[in-house]
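# Architecture at a glance
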Amino acid sequence: MLICNCLAGLADLGFRIEDVIEQEHDAALGNGGLGRLAACFLDSLASLNYPAWGYGLRYRYGIFKQEIIDGYQVEVPDYWLDFNPWEFPRHDVTVDIQFFGHVRKSTDENGRTVAHWEGGEIVKAVAYDVPIPGYATPSTNNLRLWSSTAASGEFDFQKFNNGDYESSVADQQRAETISAVLYPNDNLERGKELRLKQQYFWVAASLYDIVRRFKKSKRPWKEFPEQVAIQLNDTHPTLAVVELQRILLDLEGLEWDEAWNIVTNTFGYTNHTVLPEALEKWSVPLIQHLLPRHLQIIYDINLYFLQSVERRFPEERDLLGRVSIIEESQPKMVRMAHLAIVGSHKVNGVAELHSDLIKTTIFKDFVTIFGPDKFTNVTNGITPRRWLHQANPRLSELISSKTGGKDFLTDLNELNKIELYVKDKAFRKEWADIKLANKERLAKHIKASAGVTVDPTALFDVQVKRIHEYKRQQLNIFGVIHRYLTLKAMSPEERKKQQPRVSIFGGKAAPGYWMAKQIIHLINSVGKVVNNDEDIGDLLKVVFLEDYNVSKAEIIIPASDISEHISTAGTEASGTSNMKFVLNGGLIIGTCDGANIEITREIGENNIFLFGNLAEDVEDLRHAHTYGTHEIDPDLNRVFQEIEKGTFGSTQDFAALISAVRDHGDYYLVSDDFHSYIETQALVDDAYRNQEEWITKCITSVARMGFFSSDRCINEYAEGIWNIEPLRVEKEEGA
Ligand code: CR1
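The name that an unreviewed UniProt entry assigns to the protein chain is Alpha-1,4 glucan phosphorylase, with the source organism given as Podospora pseudocomata. For the protein chain, the Sequence similarities (unreviewed entry) comment in UniProt is given as "Belongs to the glycogen phosphorylase family." Quoted verbatim from the Function (unreviewed entry) field of the UniProt record, the comment on the protein chain reads "Allosteric enzyme that catalyzes the rate-limiting step in glycogen catabolism, the phosphorolytic cleavage of glycogen to produce glucose-1-phosphate, and plays a central role in maintaining cellular and organismal glucose homeostasis."

Below, the structure is given as structure tokens:
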């Protein structure tokens, strides 16, 4: 009903709804899978009627806009907030946040030492609320984003009138800097003071909000963990553990043990990566300077923790150093993951392999200390509302016609009903038509944005995600070059028998990640040569789509035949686009990594193209590269020689990509996996030629994807970690 009214209302005003929708800007709040997972979770929480809020920072400049100029990535600021009709400024909801200063201790009337954090500076946090409506329910949750401003809210008129214009606005500007910009790294941490300021600003404002709401209920503090669950989405908000302990201890007057019991029963911690360069550490002097009281509390948490470990494991002297929250380096560092584990009652990974890996590698000692029950797995999921219904309306419609309505959008296991139609001619025809239409739409987009003409009947091979060496876009582009060389060496007759392919790439490189930027440059350079080679024609096209984001994903994902999830085994915690691609009727070529493994288990190994070494072999292979001989795969060597000949232009730019594999230990095992990658890509070509079989694989896979709904995932968090139940809400009619 509502949508009809909107259509009619807009028409009266002389607008088309499509044009109005086009005006909406993607939220620029995240880098990659971590943020997008949170967005799926918010959708599920509201749709399942869980009373839950999201908290974050209202970045003035979120993730940058990517332009490709002469084959290179150029970063441009994205003014996403200039038009954002979804946010509600809440000037009535503000919190004063303190930084710097010093700690004074006093003794109260009971002889108890009380800490007072004094001095320093105050910055004001202002709430901006973004409503999160659930699907087919009146429930609407809230995403509260904090924006920073000077505590006075206006600049110093005294200074201004005295002609000191510059310093009159300086305070305001310094305060606003805190929420000004999102650090654009995915899976990489750099210990910058401003980032630590952002983290504390965000968690302090959010906790103040949560505590204020709890105090209104007038319940005793011991009930706090029954009323409130806080999930740490990676370690970035871990200071919340310390902040809650500070509130309970210094402001509410609780004893240490009572407070700590409340804290640890409130928090849960989700680990999203095992990459060492992504594990957060903050220097002790930096925390001391910015948050002097918090550093004292961190030291106390660590002291009591290490004392308890020592009591239980008196013989194991090394253990204390390994699990300590403080790393005894120069300077000393606070290990945020250790703090998050010690401060939480549950720790989870995001796919089975990943959850096993954290238990046996980076957090092994903590399993010994806390026991295995503290560690659990919650495999990631995606919302079918956005990633099927919205992104692929025709497929959603077809599924709905066979499953008896839209129930599959709230119970994704309903998808299994379509397996009954796998042999149904009309169903298969409509299925194939939808895929072709989606590919035609993408072909148009490719023409408009990259200027390349592609044949929509070719096999569309897609890798879209952040550019990172561990995700191995370099393996993909080396494979593309190998394909090009193989085609070039063929006679025209032989070429005619080959499966035409369009290799589509998209993704942003962190501005400071030089190697990732070289990968983008190589992809574009290869495209330039291949796409203009008349011998090759439509047999191979290589496209880099600029500025990959959620809106582009909604066009790209439904148009994929095969998508690439080819990280070095053990490095991709889960991946979530793998789920989106399969749900949209595309197959996967992938390594035994992250959620690929569970996708295989669900859809069947005949419906996925797996290749490469296993996680359990990675350590030995790396060791062999360093200490033994490292023979580069001969096909890969041919690729390297071609690049070095200058076939794709500037050899200098690409030298580092080659030497990372050939001379510097090949940390990501590109050479080790190259042969099986190429062989498996040949299997993909063969399989695609048999369209009937291919469509059967696609339909079967979609039918078996029910497990990967973020609704299942959120229910697991609710039951296993938060101990909350959904509210009973009348279902909305006609949704
Ligand atoms: C992982 O790299 C996972 C998402 C969401 C990322 C990716 O494999 O799907 O998290 N990790 O769980 C991350 O961003 C900081 O860590």
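Still more to cover.
Time to look at the site of the ligand. Taken together, 17 residues sit near the ligand, with Gly33, Leu34, His272, Thr273 and Ser574 positioned nearest. Considering only residue class, the shell around the ligand consists of five nonpolar, nine polar and three charged. Shared between two domains, the shell around the ligand takes at least three residues from each, and those domains are domain 1 (218-378) and domain 2 (391-720).

This part is about the domain arrangement of the protein chain. One can read the domain layout of the protein chain as domain 1 (218-378) and domain 2 (391-720). In this complex, domain 1 contributes 14 residues to the contact, which on the side of domain 2 involves 15 residues. By residue number, the principal contributor to the side of domain 1 that touches domain 2 is helix α14 (residues 352-360), which donates four residues. Residues belonging to the side of domain 1 that touches domain 2 are distributed by class as follows: seven nonpolar, six polar and one charged.

On to the sheet that holds strand β9 (residues 230-233). The strand order β9-β10-β14-β15 describes an open sheet built from four strands, whose pairing is parallel. For this open sheet the edge positions go to β9 and β15 (375-377), each flanked by a neighbour on one side alone. When strand polarity is set aside, the average angle formed by the axes of neighbouring strands in this sheet is 25°. Bridge analysis of strand β14 (residues 346-349) against β15 gives three bridges, and the strand direction is parallel.

Time to look at the packing of helix α6 (residues 193-216) against helix α8 (residues 239-251). Two numbers describe how α6 lies on α8: the axes approach to 9 Å, and their chain directions differ by 45°. The orientation of α6 with respect to α8, classified from their angle, is oblique. The element α6 and its partner α8 pack so that their crossing is right-handed. Contact with α6, carried on its side by Gln199, Tyr200, Val203, Ala204, Leu207 and Val211, involves Leu239, Ala240, Glu243, Leu244 and Ile247 of α8 and no other residues of that element. For the contact of α6 with α8, the per-class residue count stands at nine nonpolar, one polar and one charged.

With that out of the way, let us pick up the packing of helix α26 (residues 634-645) against helix α27 (residues 651-662). At a closest axis distance of 9 Å, the pairing of α26 and α27 adopts a crossing angle of 160°. Considering their axes alone, α26 and α27 lie roughly antiparallel with respect to each other. Taken as a pair, α26 and α27 cross one another with a handedness that is left-handed. Across from Phe640, Ile643 and Glu644 in α26, the residues of α27 making contact are Thr651, Phe654, Ile658 and Arg662. Split by residue class, the contact of α26 with α27 holds four nonpolar, one polar and two charged.

The rules behind each value
Residues numbered from 1 in each chain as written. Predicted model: local features only at pLDDT ≥ 70, side-chain atom pairs only at ≥ 80, totals over all residues. UniProt positions renumbered as here; feature names shortened; annotations may be inferred. Near = placed C-beta within 6 Å. Nonpolar A, V, L, I, M, F, W, Y, C, P; charged D, E, K, R; others polar. Domains from an automatic or database assignment. Contact = placed C-beta atoms within 7 Å. Helix = DSSP H or I, 4+ residues; strand = E, 2+ residues; numbered from the N terminus. Pairing = 2+ DSSP bridges. Axes fitted to C-alpha atoms, helices over the stretch in contact; angles between N-to-C directions. Parallel < 35°, antiparallel > 145°, perpendicular 65-115°, else oblique. Left-handed = near helix turned anticlockwise from the far one by under 90°.

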